[in-house]
There are 2 protein chains.
Amino acid sequence: MSNKQKRYLLPEDEIPRYWYNIQADMVNKPMQPLNPETKEPLKPEDLYPILSKAVSHQELDMENAWIEIPEEVREMYKYYRSTPLVRAYGLEKALGTPAHIYFKNESVSPMGSHKLNSAIPQAYYCKQEGVTNVTTETGAGQWGASLSYAARLFGLEAAVYQVKVSYEQKPYRRSIMQTYGAQVTPSPSMSTRAGKDVLTAHPNHQGSLGTAISEAIELAKTTPNCKYTLGSVLSHVTLHQTVIGQEAEKQMEMAGEYPDMVIACFGGGSNFGGIAFPFMRHNILEGKKTRFIAAEPASCPKLTRGKFQYDYADEAGYTPMLPMYTLGHKFAPANIHAGGLRYHGAGVIVSQLLKDGLMEAVDINQLESFDAGVLFAQAEGIIPAPESCHAIAATVREALKCKETGEEKVILFCLSGHGLIDMASYDKYLAGDLVNYQLSDEDIQKNL
Amino acid sequence: MSNKQKRYLLPEDEIPRYWYNIQADMVNKPMQPLNPETKEPLKPEDLYPILSKAVSHQELDMENAWIEIPEEVREMYKYYRSTPLVRAYGLEKALGTPAHIYFKNESVSPMGSHKLNSAIPQAYYCKQEGVTNVTTETGAGQWGASLSYAARLFGLEAAVYQVKVSYEQKPYRRSIMQTYGAQVTPSPSMSTRAGKDVLTAHPNHQGSLGTAISEAIELAKTTPNCKYTLGSVLSHVTLHQTVIGQEAEKQMEMAGEYPDMVIACFGGGSNFGGIAFPFMRHNILEGKKTRFIAAEPASCPKLTRGKFQYDYADEAGYTPMLPMYTLGHKFAPANIHAGGLRYHGAGVIVSQLLKDGLMEAVDINQLESFDAGVLFAQAEGIIPAPESCHAIAATVREALKCKETGEEKVILFCLSGHGLIDMASYDKYLAGDLVNYQLSDEDIQKNL
């Protein structure tokens, strides 16, 4: 590399002014979520007891492809956006691939991940609607940290249920949330019915995102002036994340390239949809042929081995029933270190897109993900989040295919976050103490 | 804040092409370092057994104000530079100050601090000169992580001595260094004479930068093809860090302002000199009146309470004797959480500048530093390194003075790093377990 541009950044006035709602452009719309009590198609009003009104409407909006970003939210985005698009010359060289690899570096957000992109608008709408308290779940803690900070920005109180295994594996994330002034409770807890039910049935339960969601929703439902917020899965969260892909679009243009492949790790789908949908728009409207690849953990393979069916988004069954690829809402994922990917289902948009063949999914086992993460760290300097390692591993696979065929394909992946709070996981990897978790077909069927 | 620019970034072709060597422009040059054996003025050749030849010459260069940055180093800077200059609207609002506060955000480096700015050239020169192994000391671990990564970039083996108290307080930094492939040893260790001497005299010694430097130098001296590298104190390290101030100069111009004050935390002086010297140049050459304020910990107050005298840079007395403000090279600093500031002496340039009244120094106690850090985190989203908290505390003091007088002064400070690896320290602060360390005059005199 010599005199080649490595990073691409946008001036502040080019930070997106609209979020992109792919639902409006989809030929086959997602199937309708159902009200869990009436089993009727869900209406925005059904969500009011849990969510802010604004996002309740965004969730089900099939009409408007572009939804304006409130000026105050856009001002907050300026704290860290645009994030850099980076040409991964170091990784290309390490792999000896002719592929051109780019990554969108969401790890430079002060929270260390893409999660703030949705935490800010969710907190903003709550504040606008007179809400005083917000609550949420978090796995690895990236979302919880972001929501805690966003709440602080708008003067809201935040209460976070953190999946117990992450609470214990990643104590620094708890400290980060507390530094922003949030209350953090390990989940399952004895403070909610949902938590008690799990803990009395399974006394040593290590927690799951599904259970933590139930606990947070229960708190929101039983507390006046308190709303629930969510870090992924739901369509409005992915909507907010489309700032990633829109920026990347402009930045790829600055680099004079267009991606043949867009790759992201997959937990609930928000960083994946965030980077993919603005590019997928060109596939839908203009017939472009970009491939979109979601990289999920082999131990939690809803996209590659799950079933498309109506299911709850949480363990206790408080949420609407969503038409999605799922492992069953009672699925208890293995204690992998990519806490943000330990989730049983996929959002309704992604589920429909996968069903219709508009995107692909691959599963990555834990050791392959860390192999790729350490390779990336040594080549590019950034220690990736264990979640993001899955996207890197999928990128490495494709880049090595290019090496074989000699094709100069353009690969764009989302570096959804850094792994500085996850060093205990890297420690275990370096010590040879990490294992892969294999699921039998029986394991997969058990909760479906 | 509305529609105001928050962050300023430079295009890659405006990343500096030269480092700024303030020694060439100083009217009173720094006094000459002495060869520790002959007590004669130090010549570059005297440093060859320890340092690369290139930096040995940079160290003592009084002639050349501008030293060209090698193209390969500049290419590596592109991995993360320019770093943003940020207008701290959030902090201004939280303080209710009319001051305009800017910070140079070095925390976005993949290593989390400014340290990579010097690690890259130091490793580069070693590689150029056929060196195969590099060694160094590290306190909090920011420098050690940067050197480990820079060594990896150039295919060198790295061995790092980490101050024991930091090794134990901040285990994640050790993991980071190991992820880049470095060997990490807590210091004092039994693997060097310097370490043994300390440990046999004081069996529970918690380590200091001074001792860790001695161990690393001893390793370099006794190992073929191995050079020592240093993270601060020496003049060439500060030289490399002037990319910070040069960028900030251009970025302040973009913002249409010029700083009345430039503030940085102070350990050995590299982030301070890095941001200050390019602006100080205008004081020296054009009579500008910017104030330069170094913020040091009250528990390690070489600038505010130390003595200007010849002293060693390390505990065992392996280094040249430097004319500097010092607490004595046998000074054992308290176990404050700002590990990077636990150092007994100040670089020769800063020492001369302070003696000549071209800059100021303030001391900040531990609680005031964390008060400021948490205030900043909640206002700006970034959790600052405990070291950087000292710069923020000094900034808060000045901003509150402006509030009293109504003056719209422009304050620029260096956010030298983030504190994500230091959350255990924040935990203690939030729990009320941190204390201030007061030094009596007797304590100060003891090692002088």
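Preceding block: the structure.
Residues numbered from 1 in each chain as written. Chains lettered and ligands numbered in written order. Predicted model: local features only at pLDDT ≥ 70, side-chain atom pairs only at ≥ 80, totals over all residues. Heavy atoms only, no water.

**Things to note about the interface of chain B and chain A**
Basically, it comes down to this: Any pair of residues with heavy atoms lying within 4.5 Å of one another is described as a contacting pair. Put simply, buried area is how much 1.4 Å-probe accessible surface two parts lose in total, over both of them, once they are put together. Only one rule defines a salt bridge in this text: a Lys or Arg side-chain nitrogen within 4 Å of an Asp or Glu carboxyl oxygen. Starting at the N terminus, helices and strands are each numbered in turn, a helix being any DSSP run of H or I of at least four residues and a strand any DSSP run of E of at least two. Side-chain classes are defined by residue name, with Ala, Val, Leu, Ile, Met, Phe, Trp, Tyr, Cys and Pro counting as nonpolar, Asp, Glu, Lys and Arg as charged, and the others, Gly among them, as polar.
Each partner contributes to the interface: chain B provides 50 residues, whereas chain A provides 49 residues. Both sides of the chain B and chain A interface together cover about 4100 Å² of buried area, and 55% of this is carbon and sulfur. Viewed at the interface, chain A and chain B are joined by two salt bridges. Across the pair A:Arg174 and B:Asp427 runs a salt bridge whose closest N-O atoms are separated by 3.3 Å. Contributing elements (two or more residues each) for the side of chain B that touches chain A: helix H3 (71–77), helix H6 (142–153), helix H8 (171–179), helix H15 (366–380) and helix H17 (423–430) of chain B. Tallying contributions element by element places H8(B) first for the side of chain B that touches chain A, with seven residues. Among the residues making up the side of chain B that touches chain A, the classes are represented as 23 nonpolar, 13 polar and 14 charged.

**Looking at the relation of the copies chain B and chain A**
As a reminder of what qualifies: The fit set for superposing copies consists of C-alpha atoms from residues with pLDDT of at least 70 in both; the fit itself is least squares.
Mapping chain B onto chain A leaves a residual RMSD of 0.0 Å; the transformation is a rotation of 180° accompanied by 0.0 Å of translation along its axis. Such values leave the two copies arranged in the relation of a two-fold axis. Using C-alpha coordinates, one finds that chain B approaches the rotation axis most closely at B:Val108, a distance of 3.0 Å. Comparing interface residues between copies, 98% of those in chain B also lie at the interface in chain A; the contact surface is shared.

**Quick look at the packing of aromatic side chains**
The geometry of an aromatic ring pair is captured by the separation of the ring centres together with the interplanar angle, meaning the angle of the planes. Residues and elements named next belong to chain A. Using the following cut-off: Stacked, tilted and edge-to-face pairs are distinguished by plane angle, under 30 degrees for stacked and over 60 for edge-to-face with tilted covering the rest, among Phe, Tyr and Trp rings (Trp via its six-membered ring) whose centres lie within 6.5 Å. Only protein chains enter the accessibility calculation, which uses a 1.4 Å probe; a residue whose area is less than 20% of its type maximum is buried, one above 50% is exposed, and one in between is partly exposed.
Per the counting criterion, the structure on display carries 27 aromatic pairs over all chains. With a centroid separation of 6.0 Å and 75° between ring planes, the pair formed by Phe376 and Phe413 is classed as edge-to-face. One end of the pair, Phe376, is in helix H15 (residues 366–380); the other, Phe413, is in strand E15 (residues 410–415), and 37 residues separate them in sequence. Classification of Phe413 as buried rests on a relative accessible area of 0%. Aromatic ring contacts, followed pair by pair, group Phe103, Phe376 and Phe413 into a single cluster.

**Some remarks on the sheet that holds strand E9 (residues 226–228) of chain B**
Residue and element names in this part refer to chain B. Formally: Pairing between strands is defined by DSSP: at least two bridges between them are needed. All axes are obtained by fitting lines to C-alpha atoms, using only the stretch in contact for helices, and the reported angles, taken between N-to-C directions, cover 0 to 180 degrees.
An order of E8-E7-E6-E9 is seen for the four strands of this open sheet, with the pairing classed as parallel. If you trace the sheet from one side to the other, it starts and ends with strand E8 (183–187) and E9, each paired once. Sheet twist, expressed as the average angle between the axes of neighbouring strands with direction ignored, equals 20°. Taken together, the five bridges between strand E7 (residues 157–163) and E8 define a ladder with parallel strand orientation. In the sheet register, Gln162 faces E8, and the bridge partner there is Pro186. Its contacts with the sheet put H6 on strand E6 (133–138) and E7, and the angle it makes with E6 is roughly 165°. Each of E6, E7 and E8 touches H8; the most contacted strand, E7, lies at about 175° to it.

**Focus on the pairing of E6(B)**
Residue and element names in this part refer to chain B. Condition: Handedness is read with the strands pointing away from the viewer; a crossover is right-handed when the path from the first strand over the helix to the second is clockwise.
Burial within E6 is extensive, with five of its six residues counted as buried. With six bridges connecting them, E6 and E7 associate as parallel partners. Looking at E7, one finds that Asn133 is bridged to Glu157. Taking the sense of rotation as the criterion, the β-α-β connection linking E6, H6 and E7 turns out right-handed. As paired elements, E6 and E9 share three bridges and run parallel to each other. Considered in E9, the bridge of Asn133 is made with Cys226.

**Here we look at helix H12 (residues 270–286) of chain A**
Residues and elements named next belong to chain A. The following threshold applies: Take the number of residues in a helix, subtract one, and multiply by 1.5 Å to get its expected span. Take the seven residues that end at a residue and the seven that start at it, fit an axis to each, and the angle between those axes is the bend at that residue.
Taking 1.5 Å as the rise per residue, H12 with 17 residues should run 24 Å; its terminal C-alpha atoms sit 24 Å apart, in good agreement. Of all bends in H12, the biggest is about 45°, found at Phe277, and the proline Pro278 comes one to four residues later. Within H12, 13 of the 17 residues are buried, which leaves the element mostly enclosed by the surrounding structure. Positive phi shows up at Gly287, right after H12, with a value of about 70°.

Keep in mind these values describe shape, not function.
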